[in-house]
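Given next are the chains, with one letter for each unit.
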Amino acid sequence: MGIRGELYTTDVVLENRTYFFNVKENRAGDIFLQIVESKKGDGADFDRHQIAIFAEDMQKVLGGLDDALRIIEKEQKNRKKEKSAKKAAKSEKYGLKSDKLIYRKKGAEPKRGDDGIKRTGKVIHIKSKIEDSTDSQ
């Protein structure tokens, strides 16, 4: 047996938190899982929170965790569907046929059609005939 009754320990280091998963044995011989969350607080100290799950309760806890994970996955799928449906409705409403943007090289003149419309991509600029006659003078 290791230090303080530890049989096994591992950690998961994230950006601002670290999670420790410790399998321990207490003085009575009961084996349990200790989960510790440690995050940096103000200054040099750390905030630590821990829970202990005993071996006889592990299956119930894992069942609850599994249910919660299924709900999270389902919610993420629903949000993804809603986002794509909203995007499709927006493109249908505004007539956007693709997500591709039209770019032109810097300094290049935008294409003009015979109708006097300056086409620069999705935005259409219309140059009036009055401006054309004043520019030529």
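The shown structure was predicted, so the numbers you read here are calculated from the model rather than taken from an experiment.

Undergrad: Got a minute to help me understand a nonpolar patch on the surface in this structure?
TA: A cluster of nonpolar side chains, contributed by Leu62, Leu65, Leu69 and Ile72, occupies part of the molecular surface with about 350 Å² of accessible area. Assignment of secondary structure puts leucine 62 in helix H1 (residues 58-94). Leucine 62 gets classed as partly exposed once you look at its relative accessible area, which sits at 41%.

Undergrad: How should I be thinking about the sheet that holds strand E1 (residues 6-13) in this particular structure?
TA: One key point about sheets: their strands pair by backbone hydrogen bonds, in either a parallel or an antiparallel sense. The 4 strands lie next to each other as E1-E2-E3-E4, forming an open sheet whose pairing is antiparallel. At either margin of the open sheet sits one strand with a lone partner, and together these are E1 and strand E4 (46-54). Strand after strand, the sheet turns through a mean of 15° between neighbouring axes, direction not considered. Here E1 runs beside strand E2 (residues 17-25); their pairing, made up of 7 bridges, is antiparallel. By the bridge assignment for E2, tyrosine 8 is matched with valine 23.

Undergrad: How should I be thinking about the pattern of salt bridges in this particular structure?
TA: Any two side chains of opposite charge can pair, on the condition that their charged atoms come close. A complete count under the given rule lists 4 salt bridges for this structure. Its salt-bridge partner being arginine 70, residue aspartate 66 comes within 2.9 Å of it at the nearest N-O pair. Of this pair, aspartate 66 and arginine 70 both sit in helix H1, 4 residues apart, which is roughly one turn of that helix. Look at aspartate 66 and you get partly exposed, because its relative accessible area is 38%. A salt bridge links glutamate 75 to arginine 79; its shortest N-O distance comes to 3.3 Å. Taken together, the residues span about one helical turn, with glutamate 75 and arginine 79 both in helix H1 at a distance of 4 residues. Classification of glutamate 75 as partly exposed rests on a relative accessible area of 38%. Residue class for arginine 79 comes out exposed when judged on its relative accessible area of 56%.

Undergrad: Help me understand the environment of leucine 33, please; the structure alone is not making it clear to me.
TA: Assignment of secondary structure puts leucine 33 in strand E3 (residues 31-40). When neighbours within four sequence positions are excluded, leucine 33 is seen to be in contact with Phe21, Asn22, Val23, Ile51, Ala52, Ile53 and Met58.

Undergrad: When you look at the packing of aromatic side chains in this model, what are you seeing that I'm missing?
TA: Think of a pair of aromatic rings as described by two things: how far the centres are apart, and how the planes are tilted against each other in angle. Per the counting criterion, the structure on display carries 1 aromatic pair. Look at phenylalanine 32 and phenylalanine 54: their rings are 5.3 Å apart centre to centre, the planes differ by 45°, and that puts the pair in the tilted class. On the criterion of sequence distance, the pair formed by phenylalanine 32 in strand E3 and phenylalanine 54 in strand E4 is long-range, its members being 22 residues apart.

Basis of the calculations
Residues numbered from 1 in each chain as written. Predicted model: local features only at pLDDT ≥ 70, side-chain atom pairs only at ≥ 80, totals over all residues. Heavy atoms only, no water. Patch = residues over 30% accessible without salt bridge, like charges linked within 9 Å, V, L, I, M, F, W, Y side chains within 5 Å. Areas by Shrake-Rupley, 256 points an atom, 1.4 Å probe, with all protein chains shown as cover. Salt bridge = Lys/Arg side-chain N within 4 Å of Asp/Glu carboxyl O. Helix = DSSP H or I, 4+ residues; strand = E, 2+ residues; numbered from the N terminus. Buried < 20%, exposed > 50% of the residue type's maximum accessible area, 1.4 Å probe, protein only. Pairing = 2+ DSSP bridges. Axes fitted to C-alpha atoms, helices over the stretch in contact; angles between N-to-C directions. Contact = heavy atoms within 4.5 Å. Phe/Tyr/Trp six-rings, centres within 6.5 Å; stacked < 30°, edge-to-face > 60°.

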